[in-house]
Amino acid sequence: MIHSVYSNKDVFLRELVSNASDALDKLRLEKLWDDSLDADVSDLHIEIDIDKDARTLTVRDNGVGMSYDEVGQLIGTIANSGTAKFLQELRDAKDKAGEEGLIGQFGVGFYSGFMVADEVTLLTRRAGETQGTRWTSRGEGTYTLETVDDAPQGTSVTLHLKPADPENQLHDYTSPWKIREIIKRYSDFITWPIRMMPEASAAADSGDETPEPETLNSMKALWARPRDEVSDDEYHELYKHIGHDWRDPLETIRLQAEGTFEYQALLFLPAHAPHDLFTRDFKRGVQLYVKRVFIMDDCEALLPPYLRFVKGVVDAADLSLNVSREILQQDRHIEMMRRRLTKKVLSTVKEMMTKDRERYDTFWREFGTVLKEGLVTDAENRDAILAVASFASTHHDTEPTTLKQYVERMKDGQEDIYYLTGESRQSIENSPHMEAFRARGIEVLLLTDPVDEVWADAVGEYEGKKLRSVAKGQIDLDAKDEESGDEEREKQTEEYAGLLGWMKEQLDEDIKEVRLSSRLTVSPACVVSDAHDLTPALENMYRAMGQ
Ligand code: ADP
Ligand code: MG
């Protein structure tokens, strides 16, 4: 799949257009918030110019532009670019076979221009500023930066195309036909006009003084078009643009709400968790539009935090164009929308689970940890989340189980669902707590995410069956033996009273009680918490949080 990203050089144009579109969105918003901003927003658009003789291709926008410092930060080093993210995730990817050699090339984001160009020039002026900046690089790690006095507002990126390959006419980016095709394929939905000037010679032939530019994209919002008119590929391209991802999404979700508060939503479940998903400043939320006009990115009011990985667009008909984040947080309609979208995402996951288990497994592997946060924070959807959750278990080495499946396998007389938390599957399986369960063939869920301790406590039960940690409190595994066991144990407790007393004295600072146990088969002793105590891992977590 990664290979196809590289072999398909056409995507460089999608990336440049995507950046130009973002820059136009940003400028429109800045002007909306601050009318005194000295910027022209009367004809925001993207322009593509081809110069066959010079072999250059220029993508120009009259958007927000960049200041001198911004060019240095955003473009000068690839550290912040989509390319950097791409390379990072390539390195994170488990399956690295054959990709190392490709890492030196550039696949996505601004730097993808170097797939087709041996030199790139960027000329830009930040809206509201007077001085422009020119950046030039051959993509080999160095670049030049200079100030320019007469730069137009916005950004133009000029690619000095690599020499033509006579063998491969398919990649002739000086051909208007080719450009038309790429834009149609990848960028048709872009909400700003993408224009191309007719070739100089064609214009001269027609005798036209001022040749009319041609608009290449339909600008139709995909979420507003009927499902059967839009191909999966078109949806995927939209995802790549708004999700800043180069891979197809795992699932596309459409929702149309009619009535008093009308909206359309197009949501995507990505196929891979981004590596900053658990950092404090992870940008969460989907894009908000009002009647096809982009309002904001990362609109966190539209989905709960545990669905922060969902990407997409929500287009609401009845909001004010300058609605603020604060207002959204309190709006009753938005609240209803969030509940509906949440349920829709969860029911989609449920559907994946029954219809396409493999896809579901991918989803859960990537996002299960995040989703489980909802078990603690979203009581309303607790059951829906439990229904789509799956866990490692002693039942199978690699295949996770749902709680439903666990319950179906429960032994006669088994009342509770057992789990044990720990750092890794292996460390849990080696725990002395597991011995009695293993000996009796009772299945135990093996929970290794930090959040597991919290939700298991908070949720308490599933379908009337208690969730019980095998490390907490007294657990009577075989009630029948217990009668005789009790007598036996009393006798033994008397017998060992001296030893137990001595141990208690020695460990007094750290423990509450020492008692004989029937739960061990091999280990001589283990530490058990009271049913309501914090487990050791939770204690560590709270301590780490300074509580
Ligand atoms: P990404 O789009 O995923 O952030 P890119 O490599 O495509 O990564 O771009 C890096 C950054 O450079 C963008 O986030 C943006 O801030 C800036 N940038 C790129 N192109 C433009 C442009 N045409 N106008 C304004 N800023 C731009
Ligand atoms: Mg980009």
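What counts, and at which threshold
- Residues numbered from 1 in each chain as written.
- Chains lettered and ligands numbered in written order.
- Predicted model: local features only at pLDDT ≥ 70, side-chain atom pairs only at ≥ 80, totals over all residues.
- Axes fitted to C-alpha atoms, helices over the stretch in contact; angles between N-to-C directions.
- Helix = DSSP H or I, 4+ residues; strand = E, 2+ residues; numbered from the N terminus.
- Parallel < 35°, antiparallel > 145°, perpendicular 65-115°, else oblique.
- Contact = placed C-beta atoms within 7 Å.
- Nonpolar A, V, L, I, M, F, W, Y, C, P; charged D, E, K, R; others polar.
- Pairing = 2+ DSSP bridges.
- Buried ≥ 20, exposed ≤ 12 C-beta atoms within 10 Å, placed from the backbone.

1. Section: the packing of helix H9 (residues 332–355) against helix H10 (residues 357–371)
Moving on, step 1. Put simply, H9 and H10 touch, their axes get as near as 6 Å, and they point 130 degrees apart. Judged by the angle between their axes, H9 and H10 are oblique. In this structure, H9 contributes Val349, Met352 and Met353 to the contact, and H10 contributes Arg357, Arg359, Tyr360 and Phe363.
Moving on, step 2. Considered class by class, the residues forming the contact of H9 with H10 number five nonpolar, no polar and two charged.

2. Some details on the sheet that holds strand E9 (residues 251–257)
Moving on, step 1. Sheet architecture is open: five strands sit in the order E9-E10-E13-E11-E12, paired in mixed fashion. Two strands close off the open sheet at either side, each with one partner strand: E9 and strand E12 (293–299). In this sheet, neighbouring strand axes are inclined to one another by 15 degrees on average, regardless of whether the strands run parallel or antiparallel.
Moving on, step 2. Pairing analysis gives four bridges linking strand E11 (residues 286–290) to E12, with the strands arranged antiparallel.

3. Points about unusual backbone geometry
Excluding glycine, most residues fall at negative phi; most peptide bonds, likewise, are trans.
Moving on, step 1. Positioned with a positive phi, Lys291 is a non-glycine residue whose angle comes to about 45 degrees.
Moving on, step 2. Inspection of the secondary structure assignment puts Lys291 in the loop between E11 and E12.
Moving on, step 3. Judged by C-beta crowding, with 14 C-beta atoms within 10 Å, Lys291 ranks as partly exposed.
Moving on, step 4. Of note, Glu463 is a non-glycine position whose phi angle comes to about 45 degrees, a positive value.
Moving on, step 5. Relative to the assigned elements, Glu463 resides in the loop between strand E18 (461–462) and strand E19 (465–469).

4. Digging into the pairing of strand E3 (residues 117–125)
Moving on, step 1. The pairing of E3 with strand E6 (residues 154–161) spans eight bridges and is classified as antiparallel. In the sheet register, Leu122 faces E6, and the bridge partner there is Val157.
Moving on, step 2. When E3 meets strand E4 (residues 132–137), the two strands line up antiparallel, connected through five bridges. Paired with Thr124 across the strands is Thr133, a residue of E4.
Moving on, step 3. As consecutive antiparallel partners, E3 and E4 are separated by six residues, and within that stretch Gly128 has a phi angle of approximately 95 degrees, a positive value.

5. Some remarks on the sheet that holds strand E7 (residues 194–196)
Moving on, step 1. Taken in spatial order, the eight strands of this open sheet run E5-E4-E3-E6-E2-E1-E7-E8, and their pairing is mixed. Only two strands of the sheet have a single neighbouring strand rather than two, namely strand E5 (143–148) and strand E8 (214–215).
Moving on, step 2. Examined bridge by bridge, strand E1 (residues 46–51) and strand E2 (residues 56–61) share six bridges and lie antiparallel to one another. Considered in E2, the bridge of Asp51 is made with Thr56.
Moving on, step 3. Sheet strands in contact with helix H2 (residues 11–33) are E1, E2, E6 and E7, and its direction is about 20 degrees off that of E2.
Moving on, step 4. Across the sheet, helix H5 (residues 176–187) is in contact with E1 and E7; its angle to E7 comes to roughly 175 degrees.

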